[in-house]
Amino acid sequence: MAKVAQEMVKKAGVNLDELVELLVANAAAELTTYYYYTILRVNLIGMAGETIKEIAETARIEDRNHFEALVPRIYELGGKLPESMVDFHNCSACPPAGLPQDPTDVKATLKVLVEAERCAVRGYTHICNLTTGKDHRTYDLALAILNEEIEHESWFSEFLGEGPSGHFLRRGETSPFVSKFLK
Amino acid sequence: MRNFTIKELARYDGSDGIAYVACAGKVYDVSRSFLWQRGKHQVRHRAGCDLSEALESAPHGPELLKRFPVVGRLVSTD
């Protein structure tokens, strides 16, 4: 048990129970997003769909990585994952990224994807704000995830024609920011 | 448009499925939102409250609340 680690976080003025609940909710968002993105990716077909498939796949894999990276911190801080997958799904910090009514509508799928990423960007910004200068390890983790979520948002936003993102597809391995937590 | 005092608003805390929140004088019905299940939002926020102040430090502005139906106005009891 990471007793002193928990003590330090509490002593810094962080509400530990609240933080753990937030981390669990965001871990749920990551794993459920991984699941829903699997369905979205499968349906990204045709000329327009295939164009987006690769970034949807990268975002999907990185969201699963985010889940994997969050879990150890949840347990370090004395929390745990709900035993029921249903409970876990329903406590997600973000709504389900479900298929649009017309699964062939690529623009509608892109809107689902960008909304999911925006929810994540808000969530990790919130965790960074709560932990900055107080809980260094959670802050470092949340910031690493935030960096990747911002890139995901940019990719999808660019396809929606909202403006240039300044980002490119990943070259090489996935999760350039979060991978240090996965080793 | 119905008028709510802060005391009346507090009844709609989501415990019986109806969740209302106030912001900048408007009362919104967030009952159907996935993010307001059981009247709780992102661990920290509760339905049945005026969230105008909390929104100032939130990672989003009131624009997200505008997606929900307005069910009334928050009025002062003075």
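You'll find the structure just up there.
First, a word on scope: everything that follows refers to the structure included in this document. (Residues numbered from 1 in each chain as written. Chains lettered and ligands numbered in written order. Predicted model: local features only at pLDDT ≥ 70, side-chain atom pairs only at ≥ 80, totals over all residues.)

Things to note about the environment of B:Arg44
Okay, so step 1: Position of B:Arg44 among the secondary structure elements: in the loop between strand S4 (40-41) and strand S5 (45-46).
Okay, so step 2: Accessibility expressed as a C-beta count within 10 Å gives 14 for B:Arg44, which makes it partly exposed. (Helix = DSSP H or I, 4+ residues; strand = E, 2+ residues; numbered from the N terminus. Buried ≥ 20, exposed ≤ 12 C-beta atoms within 10 Å, placed from the backbone.)

Description of the packing of helix H3 (residues 46-76) of chain A against helix H5 (residues 106-131) of chain A
Residue and element names in this part refer to chain A.
Okay, so step 1: Two elements in contact, H3 and H5, have axes whose closest approach is 10 Å; the angle formed by their N-to-C orientations is 20°. Judged by the inter-axis angle, H3 sits roughly parallel to H5. Of the two elements, H3 crosses H5, and the hand of that crossing is left-handed. Each of Ala48, Gly49, Ile52 and Ala56 in H3 lies in contact with H5, whose residues at this interface are Val106, Leu110 and Leu113.
Okay, so step 2: Looking at side-chain class alone, the contact of H3 with H5 contains 6 nonpolar, 1 polar and no charged residues. (Axes fitted to C-alpha atoms, helices over the stretch in contact; angles between N-to-C directions. Parallel < 35°, antiparallel > 145°, perpendicular 65-115°, else oblique. Left-handed = near helix turned anticlockwise from the far one by under 90°. Contact = placed C-beta atoms within 7 Å. Nonpolar A, V, L, I, M, F, W, Y, C, P; charged D, E, K, R; others polar.)

Focus: the sheet that holds strand S2 (residues 20-23) of chain B
All names here are of chain B.
Okay, so step 1: Sheet architecture is open: 4 strands sit in the order S1-S6-S3-S2, paired in mixed fashion. Strand pairing shows two members of the sheet lacking a second neighbour, strand S1 (2-4) and S2, which therefore form its edges. Sheet twist, expressed as the average angle between the axes of neighbouring strands with direction ignored, equals 40°.
Okay, so step 2: Bridging between strand S3 (residues 26-29) and strand S6 (residues 70-74) involves 3 bridges; their strand directions are antiparallel. Bridging from a neighbouring strand, Lys26 pairs with Arg73 of S6. (Pairing = 2+ DSSP bridges.)

So yeah, pure geometry; function would need other evidence.
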